[in-house]
Amino acid sequence: MRIRIIDAFTDRPFAGNPAAVCILDGPEWPDEAWMQHVATEMNLSETAFARPEPGADAEWGLRWFTPAVEVRLCGHATLATAHALRTDGLLKGVVRFATRAGVLTAEAADDGTITLDFPIAPVTPIPAPDGLADALGTSPVAVFDTGALDDIVVEVADGAAVRELRPDMTRLAGMTRRGVAVTAAGSDGFDFISRFFCPAVGIPEDPVTGSAHTALAALWSARLGRDELVGLQASARSGVVRTRITGDRVLLTGHAVTTLEGTLSC
């Protein structure tokens, strides 16, 4: 079975967020334990499996696995999967994916970008969980719940505070069902800056997290009074996500680059 590693939300190799992508051709999903073993072997934040699923609502089925669990929603691996389909000549224009989070679409543009259409994650202010400041190593300005996204968003003083974070991952893992997005106002052409930590699902820090931007876009668009924003996720690899809110949806736009192709032998 063919497998690729594709760097998402970047236009250059060895940046952005790498995802492993398997495009399947069978009518049924492989054994779930096997897919989890592949994801664990790849040891990337996500491994995506897509198979043809023609129907009224979607053309492809799509599932995502971290090294530890299957997840409900993933942005960068969706972008990577759309890039793989486009590379194979299977995506021209718009493709619809049937997922655990509902039907998601990806649209390929002539400039090489891919735009994902995801449900918005409205944010609600909440009290900071006990021990959060100690776990992060910095004091939150505000904390927000993201509902079904299963994350919390933590606003801190400035971009320097975001970049300098060295969280206690063990303590952070017990504070959320999925992850913690830490954010501040941006600079140098970026509207906001963020980092994303999700040790609860086996990923200490995710390099660039498309799904988290459904909440970050909701927060910063309301704060800045604009529907279209540019976010920088300032991990060691770094990546850029362009966001646009349209009603109860968020459009996430970025590039992707294939860095490795191979064949699974088992």
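The structure under discussion appears in the preceding block.
Throughout what follows, the structure given in this document is the object of discussion. (Residues numbered from 1 in each chain as written. Predicted model: local features only at pLDDT ≥ 70, side-chain atom pairs only at ≥ 80, totals over all residues. Heavy atoms only, no water.)

So, about helix α2 (residues 76–87). For α2, which comprises 12 residues, the first-to-last C-alpha distance of 16 Å matches the rise-based estimate of 16 Å (1.5 Å per residue) to within 8%. Of all 12 residues in α2, 10 are buried, a share of seventy percent or more. (Helix = DSSP H or I, 4+ residues; strand = E, 2+ residues; numbered from the N terminus. Expected span 1.5 Å × (residues − 1). Buried < 20%, exposed > 50% of the residue type's maximum accessible area, 1.4 Å probe, protein only.)

Moving on, we get to the pairing of strand β17 (residues 249–254). Consecutive residues of a regular strand have side chains that alternate between opposite faces of the sheet. Taking burial as the measure, the six residues of β17 include five buried ones, the bulk of the element. As judged from the six bridges shared by strand β8 (residues 114–119) and β17, these two strands associate in the antiparallel manner. Following the sheet pairing, L116 is matched in β17 by L252. Between strand β16 (residues 239–246) and β17, which pair antiparallel and follow one another directly, the connecting turn spans two residues, one of which, G247, has a positive phi of 65°. (Pairing = 2+ DSSP bridges.)

Time to look at the packing of aromatic side chains. By the definition in use, this model includes three aromatic pairs. With a centroid separation of 6.1 Å and an interplanar angle of 55°, the aromatic rings of W34 and F49 are classed as tilted. You can see W34 sitting in helix α1 (residues 32–42) and its partner F49 sitting in strand β3 (residues 46–52), a full 15 residues away along the chain. Note on W34: relative accessible area 21%, which makes it partly exposed. The buried category is assigned to F49, whose relative accessible area is 0%. It is R63 that lies over the ring of W29; its NZ or CZ is 5.3 Å from the centre. The lysine or arginine in question, R223, covers the ring of W220, its NZ or CZ lying 5.0 Å from the ring centre. (Phe/Tyr/Trp six-rings, centres within 6.5 Å; stacked < 30°, edge-to-face > 60°. Lys NZ or Arg CZ within 6 Å of the ring centre and 35° of its normal.)

Okay, the pattern of salt bridges next. Summed over the entire model, instances satisfying the criterion amount to 15 salt bridges. Between R2 and E261 there is a salt bridge; the shortest N-O distance is 2.9 Å. Separated by 259 residues along the polypeptide, R2 in strand β1 (residues 2–8) and E261 in strand β18 (residues 256–263) bring together distant segments of the chain. Between R171 and D134 there is a salt bridge, and its shortest N-O distance comes to 4.0 Å. Within this pair, whereas R171 is found in helix α5 (residues 169–173), its partner D134 is found in helix α3 (residues 132–136), the two being separated by 37 residues in sequence. (Salt bridge = Lys/Arg side-chain N within 4 Å of Asp/Glu carboxyl O.)

Attention shifts here to the side chain of T47. With respect to the helices, strands and loops of the structure, T47 is situated in strand β3. Leaving out residues up to four positions away in the same chain, T47 has contacts with A20, V38, A39, M42, R63, W64 and F65. (Contact = heavy atoms within 4.5 Å.)

Bringing the environment of I120 into the picture now. Inspection of the secondary structure puts I120 in the loop between β8 and β9 (124–126). Exposure remark for I120: the relative accessible area of 22% places this residue in the partly exposed category. Sequence separation between I120 and R249 is 129 residues, and the spatial gap between their C-alpha atoms is 4.7 Å. Sequence-distant contacts of I120, that is, excluding residues within four places in its chain, are made with T214, A218, I245, G247, D248, R249 and V250.

Turning next to the nonpolar core. If you look at the biggest cluster of nonpolar residues, it comprises 53 residues, and the most contacted ones within it are W64 and L116. Examining the composition of this core, we find that six residues originate from one element, α2, more than from any other. Counting residues in each nonpolar core, the second largest holds 19 residues, with A135, V143, L232 and A234 among its members. (Core = buried A, V, L, I, M, F, W, Y, C linked by side-chain atoms within 4.5 Å.)

Residues that lie three or four places apart on an α-helix share one face, since the helix turns once every 3.6 residues. Of all 12 residues in helix α6 (residues 213–224), nine are buried, a share of seventy percent or more. The set of residues buried in α6 consists of H213, T214, A215, L216, A217, A218, L219, W220 and S221. At the exit of α6 stands G225, carrying a positive phi of roughly 75°.

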